[in-house]
Amino acid sequence: MKIITFDIGGTFIKYALCDENFKLSRSTKIPTDAKQGGRKLIEKVIEIVKEHEHIDRVAISTAGQVDSTTGVIVYATDTIPGYTGTKIKEMVETATSVPTYVENDVNSAALGEAYFGKAKGYNDFICLTYGTGIGGAIWLNGDLYKGSFCSAGELGHIITHSGGKKCTCGGNGCYECYASARALVEGVNGVSDEILDGVKIFEEKNFNNPVIRTKIDEWIDEIVTGLISIVYTFNPSLIVLGGGIMNENYIVDSINERINKKLMQSFRNVKIVNSNLGNTAGMLGVAYKASKI
Ligand SMILES: [Zn+2]
């Protein structure tokens, strides 16, 4: 079976071919050109599918809340204008005649973790990705928990600071305003002479700067605050943290150390790990689902 699998984000469309052993090849990355809108974006996806021969399935992991039964975007922010309501599955299947499966990007990453990553064999776990915002996915009783309107798991918008910073969701004080990778970068750049990104912050010279380290540690406390509410809600045995920033072992080690001091004893069995699939988790996860339709 030959699957073409996509990862559609606000900045890039990544895609790769995937074989029946779920090995990815010919990975490609092109700009999303989100400004052109949702319809144009899917037309571009269709063109890419048509450039390849003998494709058996199309798998699409995308930003936005997705009804994966109908393959429709239930809701998306204005990062991709007009994306809400886009009938991705219908558009792609009509144009290519190839069966298509669509899922939200963090849910796709959770599928990847469940079938190929560190969550393999776990019946219940939570997946979180830390980037510009914070995405969440909930895996309960061996499957994704989608909620009544395919939107469950918006864990970046649980409120950790009532009346706090204005969030892109329209609310105030959301978890992602304080604990996303972007929040760290903004916090550090407020005290640093040099402009630093998420990678540079952890270079030895910066990491050992006490002013920067304080900012990093305050940010990790913000991560822990949100995780505590999530652990008390779901009592998961595992939480998988994704997003490039989580490759820094200092973060995951500090989270484990600090959270165990704060949790009630009966919740301390939770294991918190970083993803080892990196940004291929979503493409693999959605490809797995596509292979089953
Ligand atoms: Zn919010």
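Since the model is a prediction, treat every value here as computed from it, not as a measurement.

## Things to note about the coordination of the zinc ion
At step 1: For the zinc ion, the protein coordination sphere consists of His157 (ND1), Cys167 (SG), Cys169 (SG) and Cys174 (SG), at 2.0 to 2.3 Å.
At step 2: Its 4 donor atoms give the zinc ion angles of 106 to 121 degrees at the centre, a pattern that matches the tetrahedral case.

## Section: the sheet that holds strand S12 (residues 271-274)
At step 1: Within the open sheet, the 5 strands sit side by side as S10-S9-S8-S11-S12. Their pairing is mixed. Both edges of this open sheet fall to strand S10 (143-144) and S12, since each of them pairs with a single strand only.
At step 2: Here 2 bridges tie strand S9 (residues 134-140) to S10, and the two strands are oriented antiparallel to one another. Considered in S10, the bridge of Leu140 is made with Asp143.

## A short note on helix H1 (residues 38-51)
Side chains that are three or four residues apart share a direction in an α-helix, a result of its 3.6 residues per turn.
At step 1: Counted at 1.5 Å a residue, the expected span for H1 with its 14 residues is 20 Å, and the 20 Å between its end C-alpha atoms agrees.
At step 2: Listed as buried for H1 are Gly38, Leu41, Ile42, Lys44, Val45, Ile46, Ile48 and Val49.
At step 3: On its buried face, H1 sits against strand S1 (3-8), strand S2 (12-18), strand S3 (24-31), strand S4 (57-62) and helix H2 (88-96).

## Description of the sheet that holds S4
At step 1: Strand order in the open sheet formed by 5 strands is S3-S2-S1-S4-S7, and the pairing between neighbours is mixed. The outermost strands of the open sheet, each flanked by one partner alone, are S3 and strand S7 (100-104). Strand-to-strand twist across the sheet, computed as the mean angle between neighbouring axes with direction ignored, equals 15 degrees.
At step 2: As judged from the 6 bridges shared by S1 and S4, these two strands associate in the parallel manner. Within the sheet, the bridge partner assigned to Thr5 lies in S4 and is Ala59.

## Digging into the nonpolar core
At step 1: Residues Leu128, Tyr130, Ile223, Leu227 and Leu241 are the most contacted members of the largest nonpolar core, which totals 37 residues.
At step 2: Those elements that provide at least two residues to this core are strand S8 (125-130), S9, helix H4 (175-179), helix H5 (181-189), helix H7 (210-234), strand S11 (238-242) and helix H8 (249-262).
At step 3: The greatest single-element share of this core, amounting to 10 residues, is contributed by H7.
At step 4: Apart from residues lying up to four places away in sequence, Leu241 is in contact with Leu128, Tyr130, Leu227, Met246, Val252, Ile255, Ile272, Val273, Asn274 and Ser275.
At step 5: Ile8, Ala34, Tyr83 and Val98 belong to the second-largest nonpolar core, a separate cluster that totals 26 residues.

## Focus: the pairing of strand S6 (residues 72-75)
At step 1: As defined by bridge partners, strand S5 (residues 65-67) adjoins S6 across 3 bridges and the pair is classed as antiparallel. In the sheet register, Gln65 faces S6, and the bridge partner there is Tyr75.
At step 2: Between the end of S5 and the start of S6, which pair antiparallel, lie 4 residues, with Gly71 showing a positive phi angle near 70 degrees.

## Structural notes on H8
At step 1: Look at H8: 20 Å from first C-alpha to last across 14 residues, which is about the 20 Å you get at 1.5 Å a residue.
At step 2: Among all positions in H8, only Ile251, Val252, Ser254, Ile255, Arg258 and Ile259 are buried. Taken end-on, H8 shows its buried residues confined to a sector of 160 degrees, consistent with a single buried face. For H8, exposure combined with an orientation more than 90 degrees from the buried face picks out Asn249, Glu257 and Lys261.
At step 3: Among the structural elements, H7, S11 and S12 are those in contact with the buried residues of H8.

## A look at the domain arrangement of the protein chain
Often, the extent of an interface is quoted as the loss of accessible area on bringing the components together.
At step 1: Here the protein chain is described as being made up of domain 1 (3-104 + 280-291) and domain 2 (118-276).
At step 2: One C-alpha centre belongs to domain 1, the other to domain 2, and the line joining them spans 26 Å.
At step 3: Opposite the 6 residues of domain 1 that make contact, domain 2 presents 6 residues.
At step 4: Interface area, domain 1 with domain 2, both sides summed: about 550 Å², of which 45% is carbon and sulfur.
At step 5: Among the residues domain 1 hides against domain 2, the three largest losses belong to Gln65, Val74 and Glu103. Together they make up 61% of the total.
At step 6: Summed over the shared surface of domain 1 and domain 2, the number is 1 salt bridge.
At step 7: A salt bridge links Lys146 to Glu103, with the shortest nitrogen-to-oxygen separation between them at 3.1 Å.
At step 8: Per-element accounting of the side of domain 1 that touches domain 2 gives the leading share, 3 residues, to S5.

Parameters at a glance
- Residues numbered from 1 in each chain as written.
- Predicted model: local features only at pLDDT ≥ 70, side-chain atom pairs only at ≥ 80, totals over all residues.
- Heavy atoms only, no water.
- Donors = N, O, S within 2.8 Å, 3.2 Å for Na, K, Ca; no water.
- Tetrahedral: all angles 85-135°; square planar, octahedral: opposite > 155°, others 65-115°.
- Pairing = 2+ DSSP bridges.
- Helix = DSSP H or I, 4+ residues; strand = E, 2+ residues; numbered from the N terminus.
- Expected span 1.5 Å × (residues − 1).
- Buried < 20%, exposed > 50% of the residue type's maximum accessible area, 1.4 Å probe, protein only.
- Contact = heavy atoms within 4.5 Å.
- Axes fitted to C-alpha atoms, helices over the stretch in contact; angles between N-to-C directions.
- Core = buried A, V, L, I, M, F, W, Y, C linked by side-chain atoms within 4.5 Å.
- Arc of directions from axis to C-beta.
- Domains from an automatic or database assignment.
- Buried area = accessible area lost by both parts, 1.4 Å probe.
- Salt bridge = Lys/Arg side-chain N within 4 Å of Asp/Glu carboxyl O.

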